[in-house]
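Listed below are the residues making up each chain.
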Amino acid sequence: MACSSRLSPLPVACLLKTTPGAQQVTKEYGVCENLRKLEITGVSCRDVYAKLLHRYRHILGLWQPDIGPYGGLLNVVVDGLFIIGWMYLPPHDPHVDDPMRCKPLFRIHLTERQSATVECMYGHRGPHHGHVQIVKKDEFSTKCNQTDHHRMSGGRQEEFRTWLREEWGRTLEDIFHEHMQELILMKFIYTSQYDNCLTYRRIYLPPSHPDDLVPPGLFKGTYGSHGLELIMLSFHGTRAQGTKITGDPNIPAGQQTVEVDLQRRIQLPEAESPHSFSALSRAVLEAGKQARQQDGAQGPAPPSPDPAPPTKEAARGPAEGCQETQGSTGAAQPPTKPGQPFVLPMGVSSRSQDYPRTCRVCFYGTGLIAGHGFTSPERTPGVFVLFDEDRFGFLWLGLKSFSLYSRVRVAFQSAQAPSARAFDDMLKNIQAPTS
């Protein structure tokens, strides 16, 4: 089912345009013109507002389910005379530029008895009875009361094959990498045990500022054998960070997968050089050494006359190419031409070879790696590569691996943070369960 498709309206009647509660329904929840003209037998607009829209207003917006390390992205919206929870999924690996996929997990509507009914949409046997409970501020839970509707006649094998086609777009026989097969089977066993009985924590889209290098937001990224995952790119002064919205057994959802130092540019070596990776490694390790010195016992370096982070204009202008900062003085090499050629150094692997062949600017950064079960986590040096406003990459130096990220192009409703502090508190809240 497409994300934008509407579920069939309940056969009940009122002219939203003429009843006393219509103005509230239209003003607060954006009921569109065709629905205002819709006749529904037996239920007034006042009931729609009081018993459905107003009652469940606190669950509208973006949410992250608590599914162990895997996380997820749920958008609860008003869709006609329904409230629907859409689960958004990344495209099939490794097609990072493809659009997001989504499926409904639950819906709420008024019955002819004028009471709100919650229906679970999980599985392949149609809507069935469910329950929604608002646990506390910025947290709610769902429960399916008829989990037998999730079962398939062919048993667990058929359920796994169906899940695999939906999740990965392929069969297990198509996946030759044994480690990837194990990860896929592990995810199916772990996630299917919840049966759509989940707890959700509210998340916000990051606030934007005029000086941000690119617009912040959600991105789809390649993560090796784990497939595509969702991260949230946000800007914090002279640093940018990517927080996992979906995760895996190594780095769970909620963790800060990449951090970027926007004051330390990196010069890419000539792509044709057979020693390009060695040259890049030296530049990155030197930048990391300087960063540690500045942040360590010596204390921060004296501020430069203009300590502001690079802006959009800086990334587009004459310094658009990748250049390297020399030490903490801010002295830089002469800028390269806009749109510097970019080719991955020999020996660096990438799930997607369909990455841009020019970049705007590169920065020193660190990426979070860990063993299975988030054991022995550590930050490892790397390179943040900005291609354009909608795509960037991260080269994991120690892993000799490259992740490509592409912007999520969905206009999520009720998702903006009320303040910068609320956004920062949200980041801490989603990271806490796995810290």
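Placed above this text is the structure.
Computed from a prediction, not measured in an experiment: that's the story for all the values here. (Residues numbered from 1 in each chain as written. Predicted model: local features only at pLDDT ≥ 70, side-chain atom pairs only at ≥ 80, totals over all residues. Heavy atoms only, no water.)

Caption draft 1: Focus on the state of the cysteines. By the definition in use, this model includes zero disulfides. For Cys120, which is in no disulfide, the shortest distance to another cysteine sulfur is to Cys144 and amounts to 3.8 Å. Residue classification places Cys120 among the buried residues on the basis of a relative accessible area of 3%. (Disulfide = S-S within 2.5 Å. Buried < 20%, exposed > 50% of the residue type's maximum accessible area, 1.4 Å probe, protein only.)

Caption draft 2: Spotlight on the pattern of salt bridges. This structure, assessed with the given rule, holds 17 salt bridges. Between Arg151 and Glu159 there is a salt bridge, and its shortest N-O distance comes to 3.4 Å. Residue class for Glu159 comes out buried when judged on its relative accessible area of 9%. Taking the shortest distance from any N to any O, the salt bridge between Arg239 and Glu259 comes out at 3.2 Å. Highlighted residues: Arg239 in strand S11 (residues 239-244) and Glu259 in strand S12 (residues 256-265), separated in sequence by 20 residues. Each member of the salt-bridge network shares a partner with another, and the members are Arg151, Arg156, Glu159 and Asp195. (Salt bridge = Lys/Arg side-chain N within 4 Å of Asp/Glu carboxyl O. Helix = DSSP H or I, 4+ residues; strand = E, 2+ residues; numbered from the N terminus.)

Caption draft 3: Geometry of unusual backbone geometry. Here the amide bond leading from Asp93 into Pro94 is cis, since omega sits at 0°, within 30 degrees of zero. Inspection of the secondary structure puts Pro94 in the loop between strand S3 (82-89) and strand S4 (101-110). At Asp138, a position not held by glycine, the phi torsion is positive, near 65°. Topologically, Asp138 is positioned in the loop between strand S6 (128-136) and strand S7 (139-144). A positive phi is found at Phe374, a non-glycine position, where the angle reads about 60°. Relative to the helices and strands, Phe374 is located in the loop between strand S18 (361-371) and strand S19 (375-388). According to the relative accessible area criterion, Phe374 is buried, its value standing at 17%.

Caption draft 4: Local environment of the sheet that holds S6. Pairing in this closed barrel of eight strands is antiparallel, and the strands run S1-S2-S3-S4-S5-S6-S7-S8 around the ring. Geometrically, the sheet is characterised by an average inter-axis angle of 35° between neighbouring strands, direction not taken into account. Along the sheet, helix H8 (residues 420-431) contacts strand S1 (61-65) and strand S8 (198-203); its crossing angle with S8, the most-contacted strand, is approximately 150°. (Pairing = 2+ DSSP bridges. Axes fitted to C-alpha atoms, helices over the stretch in contact; angles between N-to-C directions. Contact = heavy atoms within 4.5 Å.)

Caption draft 5: Representation of the packing of aromatic side chains. Taken as a whole, this structure holds 20 aromatic pairs when the rule is applied. Ring centres of Tyr88 and Phe412 lie 5.0 Å apart, and the angle between their planes is 80°; on these two criteria the pair is classed as edge-to-face. Here Phe412 lies in the loop between strand S21 (401-407) and H8 and Tyr88 lies in strand S3, a separation of 324 residues in the sequence. An identical accessibility class is assigned to Tyr88 and Phe412; each is buried. A centroid spacing of 6.4 Å and a plane angle of 75° characterise the contact between Phe387 and Phe402, whose relative ring orientation is edge-to-face. Of this pair, Phe387 sits in strand S19 while Phe402 sits in strand S21, placing them 15 residues apart in sequence. By way of ring pairs, the aromatic residues Phe219, Tyr223, Phe384, Phe392, Phe394, Trp396 and Tyr405 are connected into one cluster. We note Lys244 situated over the ring of Tyr223; from NZ or CZ to the ring centre the distance is 4.4 Å. (Phe/Tyr/Trp six-rings, centres within 6.5 Å; stacked < 30°, edge-to-face > 60°. Lys NZ or Arg CZ within 6 Å of the ring centre and 35° of its normal.)

Caption draft 6: Structural view of the environment of Val214. Following the sequence through the fold, Val214 ends up in the loop between S8 and strand S9 (217-222). Sequence separation between Val214 and Glu389 is 175 residues; the distance between their C-alpha atoms is 5.3 Å.

Caption draft 7: Structural context of helix H4 (residues 155-168). When the terminal C-alpha atoms of H4 are compared, their 20 Å separation across 14 residues agrees well with the 20 Å that a helix rising 1.5 Å per residue should span. All buried positions along H4 are accounted for by Glu159, Phe160, Thr162, Trp163, Leu164, Glu167 and Trp168. Those residues of H4 that are buried lie in contact with S4 and helix H5 (178-192). Positive phi appears at Gly169, one or two residues downstream of H4, with a value of about 70°. (Expected span 1.5 Å × (residues − 1).)

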